[in-house]
Amino acid sequence: MPDKGFVTRSYEETIAKGREIAAKLSPPVLVLLTGDLGSGKTTLTKGIISGLGAAREEDVTSPTFTLVHVFQNHCKVYHIDLYRVENFHDLESLGLEDALAEKAIVIVEWSERFTFRSDWPRVEIHLEHAGGDTRRIAISGLSLEKKST
């Protein structure tokens with residue numbers, strides 16, 4: 001059950017939502033993304049990673065063929081794409097237990113294929129393509145409410 005649902009109507013709005021999410025993240029945390037091809041997982045990730053100050057938005061690309069990208073600023077950020085992972089052996093060969101052994105932010109696209117157990121806090125984000133540049137984004141495990149002072 002999602003805590004919050006949003007609709008973005010452009011690439012720029014999806015990036016901005018990613019930056020908003022980044023402002024609420026602190027390591028260690030797993031950010032688990034699900035959604036069909038073209039649903040905006042990598043675009044949202046560009047916003048999260050650039051919002052963390054770990055890389056420029058244009059430097060964040062889908063790690064579909066390399067499977068793992070590592071960025072660092074004030075903390076390590078792993079961007080993992082499991083689209084091409086077919087079995088546990090493939091997953092195990094990525095060395096993700098090393099990422100989970102350090103205080104990091106681990107963003108996983110196609111997270112339904114992520115079978116490692118972790119007691120880290122989890123933020124689950126489901127994205128849906130809703131026609132054109134519109135995306136529906138459901139987030140659970142993270143409060144995006146502004147803190148009152």
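Bear in mind that the values here come from a model prediction, so they are computed numbers and not experimental data.

Criteria and thresholds
Residues numbered from 1 in each chain as written. Predicted model: local features only at pLDDT ≥ 70, side-chain atom pairs only at ≥ 80, totals over all residues. Heavy atoms only, no water. Helix = DSSP H or I, 4+ residues; strand = E, 2+ residues; numbered from the N terminus. Buried < 20%, exposed > 50% of the residue type's maximum accessible area, 1.4 Å probe, protein only. Contact = heavy atoms within 4.5 Å. Areas by Shrake-Rupley, 256 points an atom, 1.4 Å probe, with all protein chains shown as cover. Phe/Tyr/Trp six-rings, centres within 6.5 Å; stacked < 30°, edge-to-face > 60°. Lys NZ or Arg CZ within 6 Å of the ring centre and 35° of its normal. Polar contact = N/O pair within 3.5 Å; in protein donor to acceptor, adjacent residues only side chain to side chain. Core = buried A, V, L, I, M, F, W, Y, C linked by side-chain atoms within 4.5 Å. Salt bridge = Lys/Arg side-chain N within 4 Å of Asp/Glu carboxyl O.

(A) Summary view of the overall build of the chain. Scanning the chain for helices and strands turns up 4 helices and 7 strands. In sequence order, the chain lays out its α and β elements as β-α-β-α-β-β-α-α-β-β-β. Counting every position in the chain, which comprises 149 residues, the buried fraction comes to 46%. Residue pairs in contact within the chain that sit at least 24 positions apart in sequence constitute 63% of those at least 6 positions apart. Accessible surface for the chain amounts to roughly 7900 Å². Of this, 48% is attributable to carbon and sulfur atoms.

(B) Quick peek at the packing of aromatic side chains. Under the counting rule described, the total for this entry stands at 1 aromatic pair. Ring centres 4.9 Å apart and planes at 50° place the aromatic pair Tyr 83 and Trp 110 in the tilted group. Separated by 27 residues along the polypeptide, Tyr 83 in the loop between β4 (76-81) and α3 (88-92) and Trp 110 in the loop between β5 (104-109) and β6 (122-129) bring together distant segments of the chain. Note that Lys 17 overlies the ring of Phe 6, its terminal NZ or CZ placed 3.5 Å from the centroid. The ring of Trp 110 is capped by Lys 41, whose NZ or CZ atom sits 4.2 Å from the centre of that ring.

(C) Broad picture of the environment of Glu 86. With respect to the helices and strands, the residue Glu 86 is situated in the loop between β4 and α3. Judged by its relative accessible area of 71%, Glu 86 is exposed. With 27 residues separating them in the primary sequence, Glu 86 and Arg 113 have C-alpha atoms 8.2 Å apart.

(D) Local environment of unusual backbone geometry. With omega at 0°, the peptide bond leading from Pro 27 into Pro 28 counts as cis. Along the chain, the position of Pro 28 falls in the loop between α1 (11-22) and β2 (29-34). Even without glycine at this site, Trp 110 takes up a positive phi of about 65°.

(E) Highlighting the side chain of Thr 14. Mapping Thr 14 onto the fold places it in helix α1. On the accessibility criterion, Thr 14 (3% relative accessible area) is buried. A distance of 2.7 Å separates a polar atom in the side chain of Thr 14 from a polar atom in the side chain of Thr 8. If we ignore the near neighbours within four places in the chain, the residues touching Thr 14 are Thr 8, Gly 40, Thr 43, Leu 44 and Arg 135.

(F) The arrangement of the nonpolar core in detail. The biggest cluster of nonpolar side chains holds 24 residues, and the ones touching the most others in it are Leu 25, Val 31, Ile 48, Val 77, Ile 105 and Ile 125. Residues in contact with Ile 105, not counting those within four places in the same chain, are Leu 25, Pro 27, Val 29, Val 31, Leu 52, Cys 75, Lys 76, Val 77 and Tyr 78. Counting 16 residues, the second largest nonpolar core, distinct from the first, contains Leu 96, Ala 104, Val 106 and Phe 116.

(G) Examining the pattern of salt bridges more closely. Applying the stated rule across the entire model yields 7 salt bridges. The closest approach of N and O atoms between Glu 57 and Arg 19, which form a salt bridge, is 3.0 Å. With Glu 57 in the loop between α2 (41-51) and β3 (68-72) and Arg 19 in helix α1, this pair connects stretches of sequence that are 38 residues apart. When its relative accessible area of 38% is taken as the criterion, Arg 19 is described as partly exposed. Between Arg 122 and Glu 124 there is a salt bridge, with the nearest N and O atoms lying 3.7 Å from each other. Under the relative-accessibility criterion, Arg 122 is labelled partly exposed at 36%.

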